[in-house]
Amino acid sequence: MQIGVNVPNFAPGTDPEVLRQWAQTVEGLGFDLLMVSDHIAVTPDVAEQYPAPFYEPFTTLSWLAGVTRRVRLGTTVLIVPYRHPLLTARMAANLNRLSGGRLVLGVGVGWARQEFETLGVPYRRRGALTDEYLDAMRDAWRNTADYDTEAIPIWVGGNSDAGMRRAVRLGDAWHPLRVTPGWLTEAAGRLKAIADELRRPVPALAPRIALRETREPVTAPDRPAGVGTIEQITGDIDQIRLLGAETVVLDPFNGDLTEIRQPERAWRTLAAVAAYQKTQEDR
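In this text the structure is predicted, and so the values were computed from the model without any measurement.

Quick notes on the rules
Throughout this document, residue positions are counted from 1 along each chain, in the order its sequence is written. Whole-chain, interface and lining totals are the exception, using all residues; otherwise, since this is a predicted model, local features are given only for residues with pLDDT of at least 70 and side-chain atom pairs are given and counted only at 80 or more. With hydrogens and water stripped out, all remaining heavy atoms of the structure feed into the side-chain values. Only when DSSP finds a minimum of two bridges between them are two strands counted as paired. Helix and strand definitions here come from DSSP, where helices need a minimum of 4 consecutive H or I residues and strands a minimum of 2 consecutive E residues; each element is numbered from the N-terminal end. Residues count as neighbours in contact if any of their non-hydrogen atoms are within 4.5 Å of one another. Note on definitions: angles span 0 to 180 degrees between N-to-C directions of axes, and those axes are lines fitted to C-alpha atoms, for helices only across the stretch in contact. Multiplying 1.5 Å by the helix residue count minus one yields the expected span of that helix. Exposed residues in this analysis have more than 50% of their type's maximum accessible area, buried residues have under 20%, and partly exposed residues fall in between, with area computed by a 1.4 Å probe over protein chains only. Patches draw on residues past 30% relative accessible area with no salt bridge. Two like charges within 9 Å are joined, as are two nonpolar side chains (Val, Leu, Ile, Met, Phe, Trp, Tyr) within 5 Å. All accessibility values rest on the Shrake-Rupley procedure with a 1.4 Å probe; residue burial counts only the protein chains present in the view. Here, a salt bridge means any Lys or Arg side-chain nitrogen found within 4 Å of an Asp or Glu carboxyl oxygen. The sign given to each residue is positive for Lys and Arg and negative for Asp and Glu; His and the chain ends receive no count. One atom stands in for each charge, and that atom is NZ of Lys, CZ of Arg, CG of Asp or CD of Glu. Side-chain atoms within 4.5 Å link the members of a nonpolar core, which is a set of buried Ala, Val, Leu, Ile, Met, Phe, Trp, Tyr and Cys residues.

(A) Structural view of the sheet that holds strand 8 (residues 208-210). Pairing in this open sheet of nine strands is parallel, and the strands run 7-6-5-4-3-2-1-11-8 from one edge to the other. Edge positions in the open sheet fall to strand 7 (204-205) and strand 8, since each of these has one partner strand only. In this sheet, strand 7 lies alongside strand 6 (residues 173-175) in parallel orientation, the contact comprising two bridges. Residue pairing across strands places Trp174 opposite Leu205, the latter belonging to strand 7. In this fold helix 3 (residues 57-65) packs onto strand 2 (33-36), strand 3 (72-79) and strand 4 (103-108), with an angle of close to 175° to the strand it touches most, strand 3.

This is the structure in structure tokens:
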């Protein structure tokens, strides 16, 4: 199982140098994937959680491709209805080509109602638009020669049954975000049931979980995966591996903006996870 990291690309304290340090730390520790988030208009509902500056993902990943060599680059998640599908298809294809085939396109329907209104995109149609646009993107990649792209994996986000169905119909992987260990185990079974119902292959499992190390064990029944002592964190990773996941993405941002200005704590935890991962590979 590969391990990725969601790198904060937003909030005061984030600048090109910090992004470069994040990328080179993630790659230097041996992780497999670096991902960033997506917003276009930092409306009040967005800014409450993810304040400006917010670095646009395609631009950011294109730049980070130039300061890395091996690590894959991705979005977690690109909000599909915000952009014309042919524009998204073109940018994704170009980024994939320029980075040497390293792009993973994580996608979602979006949630920020004010941002939808600002962009003139109908909020209530975001699910239908996502389906329509994903079909259009795949069609463009298949049938437009000058896109010059290899297969770009699409990870479909969304923790609901609708998100699972979208992943089964239109994705290469299901990419649920911030879950508890018990919920993910149950949901993996539901994903297979939905795939069987639709008579389609089960998409790969590629969850994004929290990453927050604590000194004492977290014993709450609703403990998110990836939160707790390093033993709990690595135990969660092992449990996800046993579910057959191809990738797990670790998200070090837990809502505290001081974490953005002081990433060293997250880097120490990532180093401990990387060391654990190496011991598992060496067995």
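(B) Up close: helix 6 (residues 126-143). Between its first and last C-alpha, helix 6 extends 25 Å over 18 residues, near the 26 Å set by a 1.5 Å rise per residue. Gly127, Leu129, Thr130, Asp131, Tyr133, Leu134, Met137, Ala140 and Trp141 are the residues of helix 6 that are buried. Looking at the buried side of helix 6, the elements it contacts are helix 4 (85-98), strand 4, strand 5 (154-157) and helix 7 (161-170).

(C) Main features of a positive patch on the surface. On the surface, Arg212, Arg215, Arg265 and Arg268 cluster together to form a positively charged patch. You can see Arg268 is positioned in helix 11 (residues 264-282). Note on Arg268: relative accessible area 56%, which makes it exposed.

(D) Broad picture of the nonpolar core. Counting 70 residues, the largest nonpolar core has Trp22, Leu34, Leu105, Trp141, Leu250 and Val273 as the members making the most contacts within it. Top element by residues in this core is helix 6. It accounts for six residues. Each residue touching Trp22, except ones within four places of it in the same chain, is listed here: Val5, Val7, Pro8, Pro252, Pro263, Ala266, Trp267 and Leu270. Of all hydrophobic cores here, the second largest spans eight residues; its members include Val104, Trp155, Ala173 and Val249.

(E) Representation of helix 1 (residues 16-28). Under the 1.5 Å per step criterion, the end-to-end length of helix 1 is 18 Å for 13 residues, consistent within 8% with the ideal 18 Å. Here helix 1 has its buried residues at Val18, Leu19, Trp22, Ala23, Thr25, Val26 and Glu27. Where the residues of helix 1 are buried, they touch strand 1 (2-6), strand 2, helix 3 and helix 11. Of the residues flanking the end of helix 1, it is Gly30, one or two places downstream, whose phi is positive at about 95°.

(F) Structural detail: the pairing of strand 11 (residues 247-251). By the criterion of burial, strand 11 is predominantly enclosed, with five of the five residues buried. Side-chain alternation along strand 11 places Thr247, Val249 and Asp251 on one buried face and Val248 and Leu250 on a second face that is also buried. When strand 1 meets strand 11, the two strands line up parallel, connected through four bridges. Within strand 11, the residue paired with Val5 across the bridge is Leu250. Bridging between strand 8 and strand 11 involves three bridges; their strand directions are parallel. Paired with Ala210 across the bridge in strand 11 is Asp251.

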